[in-house]
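Structural characterization, general
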Amino acid sequence: MPAHSRTNLILLCVTYWLYFGQLGVLTPYLGIFLDGRGFSSAEIGELWAVITLTRIVGPSLWAGIADKTGKAVNIVRLGCFLTVVSFCSVFFFHSFWGLTLAFGLMMMFWTAVLPQLEVITIQSVQPTKISYGQIRLWGSIGFIVLTVVVGKALDVFSSEAPVYASLIVLTGLFLSSLFIQQPGKQGDRTEVPGTLWKFARSRTFLLFLLSAGFLQVSFGAYYGFFALYMRDLNYTGQQTGLLIAIGVIAEVGIFLIARRLIARFGVWSLMLWCMVLTAGRWYALADFAHIGPVVVFSQLIHALSFGLAHVTAMHFITHYFPAHYQSRGQALYVSIAFGFGGALGNYIAGQLWQQGAQAFESFAFAALSALAGAVCLLFCHRPTMNKLDISAPT
């Protein structure tokens, strides 16, 4: 492997470490930060929902430009810069709408980075023996490290610790993006006929999006209230950080073997089992979260809930869309599944939670949502989802 290619892959590892490290700061602890600012559970859920809706706009903002120019790296750099600038406003706002604006702008630019980063990574590893999962796992390692560090910081400092940690991480993310190189063109970008919507409106892809959306709806209670739930059950901040880290450690392990699992079992079967076992995970948290080993076991299922589900989705999208639609295909997936699905899940969880009084109902609803995602997959065209080189929609 040429030295410049090896260097670029290392930089991509660092960038993933920082990008998902920020997710490890924001996702588990934003609820604690907002609770410290005096927000109710309903307000926390509503704020999460509003800022998550920006994920519908953000990923599509520059996806078309990236596809047409083939310069996704410029979009990554600009997105990282605007993320840092917009996040700084968090320190100047204290009202509901002020913080919603601050976090919403940050989320819009931050999530716009990911589809382009995924495309750059997939193109960069294609000529090598390195798999996408081997690069992406560094994001999970960053998530683990920063989740544990910030969890400990919450025990020592105030509930403001997550926002200070976020500023440091986002600044590092922008600096790392400056050194990433755009990979060379991967063959003819215009060889496959048809419009984006020809592929996007097919039954298989629409059911895939609906299934992925239900999965993200199911994450609403976990993303918005898991840390508060653990606190209410007398787990310390450090214990909560370690529990979250256990899930992501399991996720790292699945990234290392995901390609072999896809080759053996296919996308459809793996995604179906991810949905079913995720439903079991949420029910375990609903009824047995006071039992430590049960929480640990439920966190191990995160390897499937997020890790394997994400890799199989990336595999499907990469082989479903032609090269010149890659960024927009990724953007559709992030916008609909994570944006709309995530916002709906956060809003419903916020309305159900009732300061923790309805924790059971919140996680039971999450379990039903994951099962709904599994049902959607039952109506997908299984051979199309499992095919490694899809040239036309079904």
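Because the structure is predicted, anything quoted here is derived from the model rather than measured.

Attention shifts here to the overall build of the protein. When you go through the protein residue by residue, the secondary structure sums to 17 helices and zero strands. Considering the protein as a whole, with its 394 residues, one finds that 60% of them fall into the buried category. In the structure as shown, the protein presents an accessible area of about 15500 Å², 69% of it carried by carbon and sulfur atoms.

Below, the discussion takes up unusual backbone geometry. With the exception of glycine, most residues fall at negative phi, and the peptide bonds are largely trans. Residue Asn234 is not a glycine yet carries a positive backbone phi of 70 degrees. Structurally, Asn234 can be placed in the loop between α10 (220-232) and α11 (237-265). When its relative accessible area of 69% is taken as the criterion, Asn234 is described as exposed.

Let us now look at the packing of aromatic side chains. Enumeration according to the criterion identifies 27 aromatic pairs in this entry. When the ring of Tyr222 is compared with that of Trp282, the centres are 5.4 Å apart and the planes differ by 40 degrees; the resulting orientation is tilted. Highlighted residues: Tyr222 in helix α10 and Trp282 in helix α12 (residues 267-288), separated in sequence by 60 residues. Judged by relative accessible area, which is 8%, Tyr222 ranks as buried. Each member of the aromatic cluster is reached from another via a ring pair, and the members are Phe219, Tyr222, Tyr223, Phe225, Phe226, Tyr229, Trp282, Trp353 and Phe363. Over the face of the ring belonging to Phe20 we find Arg136, whose NZ or CZ atom lies 3.7 Å from the ring centre. The ring of Tyr222 carries Arg281 above its face, with NZ or CZ at 4.7 Å from the centroid.

This part is about the environment of Ser158. Looking at the element boundaries, Ser158 is found in the loop between α6 (132-156) and α7 (161-177). Taking C-alpha positions, Ser158 is 8.3 Å from Gly36, a pair spaced 122 residues apart along the chain.

We now examine the side chain of Ser305. In this fold, Ser305 is placed in helix α14 (residues 302-320). Look at Ser305 and you get buried, because its relative accessible area is 1%. Here Thr278 takes part through its side chain, which lies 2.8 Å from a polar atom of the side chain of Ser305. Excluding anything up to four places from it in sequence, Ser305 contacts Leu215, Phe219, Thr278 and Arg281.

Where the model shows low pLDDT, its predicted coordinates should not be examined in detail. In this model, the protein carries an average pLDDT of 82, and 88% of its residues clear a pLDDT of 70 or more. For the protein, per-element mean pLDDT is lowest for helix α3 (residues 63-69), which scores 62, and highest for helix α16 (residues 359-378), which scores 94. Per-residue pLDDT stays below 50 along residues 187-191; that stretch engages in seven contacts with residues further than four places along the chain or on separate chains. Between residues 389-394, whose pLDDT stays under 50, and residues either more than four places distant or in other chains, the model counts 18 contacts.

This structure, assessed with the given rule, holds three salt bridges. Ionic pairing is found between Arg231 and Asp35, a salt bridge with its closest N-O pair at 3.2 Å. Of the two residues, Arg231 sits in helix α10 while Asp35 sits in helix α1 (residues 3-36), which places them 196 residues apart along the sequence. For Arg231, a relative accessible area of 41% corresponds to the partly exposed category. In this structure Asp35 comes out as partly exposed when scored by relative accessible area, which is 27%.

Let's shift gears to the state of the cysteines. Going through the model one piece at a time under the given rule, you end up with zero disulfides. Free of any disulfide, Cys376 has its nearest cysteine sulfur in Cys380, 7.6 Å distant.

Our next topic: the side chain of Thr147. Mapped onto the secondary structure, Thr147 falls in helix α6. Only 3.1 Å separates the side chain of Thr147 from the backbone oxygen of Gly24, close enough to count as a polar contact. Only 2.7 Å separates the side chain of Thr147 from the backbone oxygen of Phe143, close enough to count as a polar contact. Setting aside residues no more than four positions away along its own chain, Thr147 makes contact with Gly24, Pro28, Tyr29, Gly241 and Ile244.

Right, let's talk about the environment of Ile301 for a bit. Following the sequence through the fold, Ile301 ends up in the loop between α13 (292-300) and α14. You can call Ile301 buried: its relative accessible area is 13%. Considering only alpha carbons, one finds Ile301 and Ala250, 51 residues apart in sequence, at a separation of 7.7 Å. Setting aside chain neighbours within four positions, we find Ile301 in contact with Leu277, Thr278 and Arg281.

Grouped together as the largest cluster of nonpolar side chains are 127 residues, with contacts concentrated most on Phe103, Phe208 and Tyr333. In terms of residue count, the dominant contributor to this core is α1 (16 residues). Apart from the residues within four sequence positions on either side, Phe103 is in contact with Leu26, Leu30, Phe33, Leu47, Ile51, Phe87, Val90 and Val163.

All right, on to the packing of α12 against α13 then. Packing of α12 against α13 brings their axes to within 9 Å, and their N-to-C directions diverge by 160 degrees. Overall, the two elements α12 and α13 adopt an arrangement that is roughly antiparallel. Crossing geometry of α12 relative to α13 is assigned as left-handed. Judged by residue contacts, Arg281, Ala284, Leu285 and Phe288 of α12 engage Val294, Val295, Ser298 and Gln299 from α13.

About the cut-offs
Residues numbered from 1 in each chain as written. Predicted model: local features only at pLDDT ≥ 70, side-chain atom pairs only at ≥ 80, totals over all residues. Heavy atoms only, no water. Helix = DSSP H or I, 4+ residues; strand = E, 2+ residues; numbered from the N terminus. Buried < 20%, exposed > 50% of the residue type's maximum accessible area, 1.4 Å probe, protein only. Areas by Shrake-Rupley, 256 points an atom, 1.4 Å probe, with all protein chains shown as cover. Phe/Tyr/Trp six-rings, centres within 6.5 Å; stacked < 30°, edge-to-face > 60°. Lys NZ or Arg CZ within 6 Å of the ring centre and 35° of its normal. Polar contact = N/O pair within 3.5 Å; in protein donor to acceptor, adjacent residues only side chain to side chain. Contact = heavy atoms within 4.5 Å. pLDDT = per-residue confidence, 0-100. Salt bridge = Lys/Arg side-chain N within 4 Å of Asp/Glu carboxyl O. Disulfide = S-S within 2.5 Å. Core = buried A, V, L, I, M, F, W, Y, C linked by side-chain atoms within 4.5 Å. Axes fitted to C-alpha atoms, helices over the stretch in contact; angles between N-to-C directions. Parallel < 35°, antiparallel > 145°, perpendicular 65-115°, else oblique. Left-handed = near helix turned anticlockwise from the far one by under 90°.

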